[in-house]
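Results of the structural survey
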Amino acid sequence: MSAPLLEVEHLSMRFEGLVAVDDLSFTAEERAITAIIGPNGAGKTTVFNCLTGFYRSTAGSMILHRDGRRFRLDRMAGYRIARDAGVARTFQNIRLFLGMTLLENLMVAQHEALMRASMFSVAGLFGLAPYRRAERAAKDKARDWLDRLGLLDSADLVAGALSYGDRRRLEIARAMCTGPALLCLDEPAAGLNPRETETLNELLLAIRDEHRIGLLLIEHDMKVVMGISDRILVLDYGKKIAEGTAEETQRDPAVIRAYLGEPEREEAGS
Amino acid sequence: MTEVAAPEPVATTHRRLDFAASLKEAGLAALVALALAVPLIGFRVVESNGTVGLTTRFSWVAIGVAAVFFGRLVLALSRPARRQSATGRGGARLAPLLQFGRRYARLIGIFGVGLAFALPALATRSVVDLATTVVIYVMLGWGLNVVVGLAGLLDLGYVAFYAVGAYSFALIAHALSLSFWEALPIAGLCAATAGILLGFPVLRLRGDYLAIVTLGFGEIVHILLLNWTSLTGGPSGFGDIPRPSLFGLVFAPHAPAGYRTFQDFFGVDFSPAQRIDFLYYIVLAMALLTNLFTIRLRRLPIGRAWEALREDEIACRALGINPTTVKLSAFAIGAMLGGFAGAFFATRQGFISPESFTFIESATILAIVVLGGMGSQLGVVLAAIVLVMAPELGRAFSEFRMLIFGAAMVGIMVWQPRGLLSYRAPSLRLGQRGEAAP
Amino acid sequence: MNYLLQQLVNGIALGAIYGLVAIGYTMVYGIIGMINFAHGEIYMIGAFVSLIAFLALGAIGVTYVPLALMLVLVIAMVFTSVYGWAVERIAYRPLRKSFRLAPLISAIGMSIFLQNYVQLLQGARVKTLQPVVRGGFVLVAGSFPVQVTYLQLFNVALTIALMAGFTYLIAATPLGRAQRACEQDSTMAALLGIDVDRTISLTFVIGAALAAVAGMMVLLYYGVIDFFIGFEAGIKAFTAAVLGGIGSLPGAMLGGLLIGLIEALWSGYASTEYKDVMVFVVLVLVLIFRPSGLFGRPEVEKV
């Protein structure tokens, strides 16, 4: 039984008296979609921010296993987590490079590989073969993703020209172009209509099946969560209150209580 | 663009109300103008024989206030009509012209370069001299463009690298008896090193803070140049700077022992214009190389990373890009280009002093980049031409130059923040129907 | 020992001036999150308006010093505030929704414009003023007596009074509450009925008024001004604001004091040529090692 892709143990995040994440432990597996759900303010995005190095966690450890190596995410700088450990993410309010074209967005994601091939721009400056090869390969990878998303015709348009749904999917494609081991998606279905949500589900399932990758998903849209998740983690007030498959979670009384509140009390005296 | 004609006012009461409101608006504006004008325009402090006195210029105040009043009135009254017909802010009317410009940008560029090369044959010596100054500023503008336009880092102390280039060139060439061509790359290296040293501690800072700190660095360099007399010669400056030669041919009436003069080699009469033309061609070549270099860098991953960083640093971090090294590279390359320009400046003048390296220079170069459109190569050229030529058109322009530039910077930001000529061409294309473009 | 005390006295008097200007920087940064590059020029304008007011009053025969001081104070504050208001209206308000660098560049343009505006209108040469407030007393006698001038006392007392009044304003009045609300969350403040535009304008006005006082003080203190003083003082006052913790008012005042002391001590014991360099070095060190300053709150990045 190999180690899970991601092991989070006793993760805590405190902001000057406010405890956003409280002693959270969970795992995520490769080739699986793990969803994190919970009412608003439960600390879900905070967990992501800790995982991806935007916050320095107050306590606990996060370990990513990749190709037999261990990465202590809680001790790494943000960009290293993305570059070395291979944790990619999308953002709640979409952070595409709106002034740059679709192709450029996907090329920026492959920055590391291209920089190495260009030998810090020297090979690139003189148009040497290794760089040209690497650039062509990067373009091919970008083209494949655009083709799969049906956005190939818009490759040279600026990202700002895309519709909301297309932007969301492009951001996912851009994250995938970094060649990650773990893909973290922060509310990818927010603002999508039912048809777009279907397309998103297909995309995420395809990613799970075709790549050696684990997906971690924050979502409110239950059609997505229940439809594609292999495991669900439920948070409330920064604590884990349930963990399991879709059926198990739906039936868990703690979850129901968190979402719907206590049942109404009878009048005093009965 | 179809224009919708302003409709006739529905009722005369409408028009009267509009007029009253506009009057009030204009009146308030005039009142503010009065408050602004009275102390500093209305009075003038005069010095005579060591004492100060006061003169009044209330006529100016009256004119100014009246101008503001009527100007605002016209603005207010025409607002409904303008709202109907305009399809966008100021830039809309320029748009067709700009589109034409974009399509033929390459052609215009080639024509411009050709004209630049032919200039010495077409124009007088003083024009060529002026053009040399223009090209220096173009180089500086393209250099700062890497930092401000591409990477989006507001550097207010760019003059520091210009100065490091000039002084390191002069001092090292003097100390090691090097020629212009030998010392030039060293100057660039020194400037790049300065860029890295200065950049390293501060590139983590937010935009505002970075701006102030770079401003501070510019000032520190200036103060050091002034006071470290033993090294830099202090306020009296430093001369004895080597002049460039053409493969060993010297541009002077007589050559030192072991060298031939240009006129001797080609069998022509000596003329001072030869050296001026030679310097012009050198800086022109340097500028063109700078241009090719920066355009090429933009198409490489490093250039894309600069632009991505400018757009969204957080997204860059999430993609595994180290913001500090990327910013540092922009800083260092921009500094190196500024250093080359500084070295040329030194050799052209034959003499350098701290006076030439003040904040005003940084502000001027920034103005060129901003007004030309951050990121636009052609825009920088046009802005540099305007900036250098304007004072030549008359003493009035020369005095008002920085005033107008300051106002223009504010104006451009408010009216068309991306500058007059800025349009971002993608750094690479996929081409038609997925076929990879060469 | 006495020499040290003298430098301390000088430093405090200087620090009062920097502190007043620093407050303008810190307030504007607190409420709209940008550095008002043109603030130094507002201070310079305050100095010029003060000079003109003094000369005008002298010309019409007002020579009773305390009265002249009060009048000049009011005149300078009023007219300089209009400049502060106008700068915000013209150069910053239209750019609230624009990209990050736009207000900065606009501010720089405004700074250049104002410097040249005053230079062209009033001439590039320095302007001098005969000492208005003369005399002082000896604090500590000895071979090197420690002297405190009445002007220094006046400056410090005025600064303390303004600080007290100002702190009261921010803490207890509706304007102060509105300002603090806008600092925290301007959208919410607007939804609650606060006129955010007006609050911001008032912030600029107050900052300008305080800068005007500083301008008057520097005119009286040094007796010499020119159109360029805003540039240098601006950087130092900004350093003071950062040192004290940007966004914090007591921090700005404390920072101003510290910068004044540093400058006085450095030029007293080391060299006067490099005193400005010293202040910049302080700025860089603070920004590298403790960017939130002494009293500031460390910024948490929102992702």
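Just so it is clear, the model here is predicted, and its values are computed rather than measured. (Residues numbered from 1 in each chain as written. Chains lettered and ligands numbered in written order. Predicted model: local features only at pLDDT ≥ 70, side-chain atom pairs only at ≥ 80, totals over all residues.)

**A few points about the overall build of chain B**
Within chain B, the regular secondary structure consists of 17 helices and two strands. Counting only residues that meet the buried cut, chain B has 42% of its 438 residues in that class. (Helix = DSSP H or I, 4+ residues; strand = E, 2+ residues; numbered from the N terminus. Buried ≥ 20, exposed ≤ 12 C-beta atoms within 10 Å, placed from the backbone.)

**Points about the overall build of chain C**
Helix and strand counts for chain C come out as 11 helices and four strands. Burial status across chain C gives 50% buried among its 303 residues. Expressed as a percentage of contacts within chain C between residues at least 6 apart in sequence, the contacts between residues at least 24 apart total 74%. (Contact = placed C-beta atoms within 7 Å.)

**Comments concerning the sheet that holds strand 6 (residues 87-89) of chain A**
Residues and elements named next belong to chain A. On the basis of which strands lie adjacent, the open sheet formed by six strands has the order 6-7-8-3-9-10 and mixed pairing. Looking at strand neighbours, the two that pair on one side only are strand 6 and strand 10 (239-244), the edges of this open sheet. Averaged over all pairs of adjacent strands, the angle between their axes in this sheet comes to 20°, without regard to strand direction. Sheet analysis places strand 7 (residues 182-186) next to strand 8 (residues 214-218), joined by five bridges and oriented parallel. Looking at strand 8, one finds that D186 is bridged to I218. (Pairing = 2+ DSSP bridges. Axes fitted to C-alpha atoms, helices over the stretch in contact; angles between N-to-C directions.)

**Some points on the interface of chain C and chain B**
Counting residues at the interface gives 52 residues for chain C and 45 residues for chain B. Elements with a contribution of two residues or more to the side of chain C that touches chain B: helix 2 (39-59), helix 3 (65-92), helix 4 (102-122), strand 1 (127-128), helix 9 (229-244) and helix 11 (275-289) of chain C. Per element, the largest residue contribution to the side of chain C that touches chain B is 15 residues, and it comes from helix 4 of chain C. Across the side of chain C that touches chain B, the residue classes tally to 41 nonpolar, six polar and five charged. (Nonpolar A, V, L, I, M, F, W, Y, C, P; charged D, E, K, R; others polar.)

**Re the environment of C:S186**
Residues and elements named next belong to chain C. Following the sequence through the fold, S186 ends up in helix 7 (residues 186-191). When the 19 C-beta atoms within 10 Å are taken as the criterion, S186 is described as partly exposed. In the structure, S186 is positioned 80 residues away from S106 in sequence and 22 Å away in space, judged by C-alpha atoms.

**Some remarks on the confidence of the model for chain C**
All names here are of chain C. For chain C, the mean per-residue pLDDT works out to 88, and 98% of the residues sit at or above 70. When the elements of chain C are averaged for pLDDT, strand 2 (residues 136-140) gives the smallest value, 82, and helix 3 the largest, 94. In the predicted assembly, ipTM is 0.90 and pTM is 0.86. (pLDDT = per-residue confidence, 0-100.)

**Things to note about the sheet that holds strand 1 (residues 6-15) of chain A**
All names here are of chain A. Sheet architecture is open: four strands sit in the order 2-1-4-5, paired in antiparallel fashion. The outermost strands of the open sheet, each flanked by one partner alone, are strand 2 (18-28) and strand 5 (69-72). Averaged over all pairs of adjacent strands, the angle between strand axes in this sheet comes to 20°, irrespective of strand direction. Judged from the five bridges that link them, strand 1 and strand 4 (residues 59-66) form a sheet pairing that is antiparallel. What sits directly across from L6, in strand 4, is L64. The sheet contacts of helix 1 (residues 44-51) involve strand 1, strand 2 and strand 4, and relative to strand 2 the element is tilted by about 70°.

**Details of the packing of helix 5 (residues 125-150) of chain B against helix 11 (residues 272-299) of chain B**
Residue and element names in this part refer to chain B. Where helix 5 contacts helix 11, the axes come no closer than 9 Å and their chain directions differ by 20°. With respect to helix 11, the element helix 5 is oriented roughly parallel. Of the two elements, helix 5 crosses helix 11, and the hand of that crossing is left-handed. A breakdown of the residues in the contact of helix 5 with helix 11 according to their chemical character gives 17 nonpolar, five polar and four charged. (Parallel < 35°, antiparallel > 145°, perpendicular 65-115°, else oblique. Left-handed = near helix turned anticlockwise from the far one by under 90°.)

**A word on the packing of helix 2 of chain C against helix 8 (residues 196-222) of chain C**
Residue and element names in this part refer to chain C. Viewed as axis vectors pointing N to C, helix 2 and helix 8 meet at an angle of 55°, and their least axial separation amounts to 7 Å. Viewed along their axes, helix 2 and helix 8 adopt a mutual orientation that is oblique. Here helix 2 runs over helix 8; the crossing is right-handed. Note on element contacts: helix 8 touches helix 2 through G207, A208, A211, A212, A214, G215, M216, V218 and L219, opposite H39, I42, Y43, M44, G46, A47, V49, S50 and L51.

**A few points about the domain arrangement of chain B**
Per the domain assignment, the segments making up chain B are domain 1 (12-85) and domain 2 (106-415). A separation of 41 Å is found between the C-alpha centroids of domain 1 of chain B and domain 2 of chain B. (Domains from an automatic or database assignment.)

**Some thoughts on helix 16 (residues 377-389) of chain B**
The end-to-end C-alpha distance of helix 16 of chain B is 19 Å, a good match for the 18 Å that 13 residues give at a rise of 1.5 Å each. Looking at the packing, one finds that the buried side of helix 16 of chain B touches helix 5, helix 11 and helix 15 (359-372) of chain B. (Expected span 1.5 Å × (residues − 1).)

**Some points on helix 9 of chain C**
Between its first and last C-alpha atoms helix 9 of chain C spans 22 Å; for 16 residues at 1.5 Å apiece the expected length is 22 Å, and the two agree. Positive backbone phi, at 110°, marks C:G245, one or two positions downstream of helix 9 of chain C.

**Considering unusual backbone geometry**
Residue and element names in this part refer to chain A. You will see that D23, though not glycine, has its phi angle at about 50°, which is positive. D23 gets classed as partly exposed once you count the C-beta atoms within 10 Å, which come to 14. A positive phi angle is found at Y237, which is not glycine, with a value near 50°. For Y237, the position within the fold is in the loop between strand 9 (231-236) and strand 10.

**A look at the environment of B:S177**
Structurally, B:S177 can be placed in the loop between helix 6 (159-176) and helix 7 (180-202). It is 36 Å that separates the C-alpha atoms of B:S177 and B:L115, two residues lying 62 residues apart in sequence.

**Quick look at the pairing of strand 4 of chain A**
Residue and element names in this part refer to chain A. Pairing of strand 4 with strand 5, which is carried by four bridges, proceeds in the antiparallel orientation. Considered in strand 5, the bridge of I63 is made with R72. Hairpin geometry of strand 4 and strand 5 is characterised by an intervening segment of two residues between the two adjacent antiparallel strands and by a positive phi of about 50° at D67.

**Regarding the pairing of strand 2 of chain C**
Residues and elements named next belong to chain C. Relative to strand 3 (residues 146-149), strand 2 runs antiparallel, the two sharing four bridges. Bridge assignment links G136 to a residue of strand 3, and that residue is T149. From the end of strand 2 to the start of strand 3, which pair antiparallel, there are five residues, and G142 there has a positive phi angle of about 145°.

**Quick word on the confidence of the model for chain B**
With 87% of its residues at a pLDDT of 70 or more, chain B shows a mean pLDDT of 83. Scored below 50 in pLDDT, residues 433-438 of chain B makes 10 contacts in the model with residues more than four places away or belonging to other chains.

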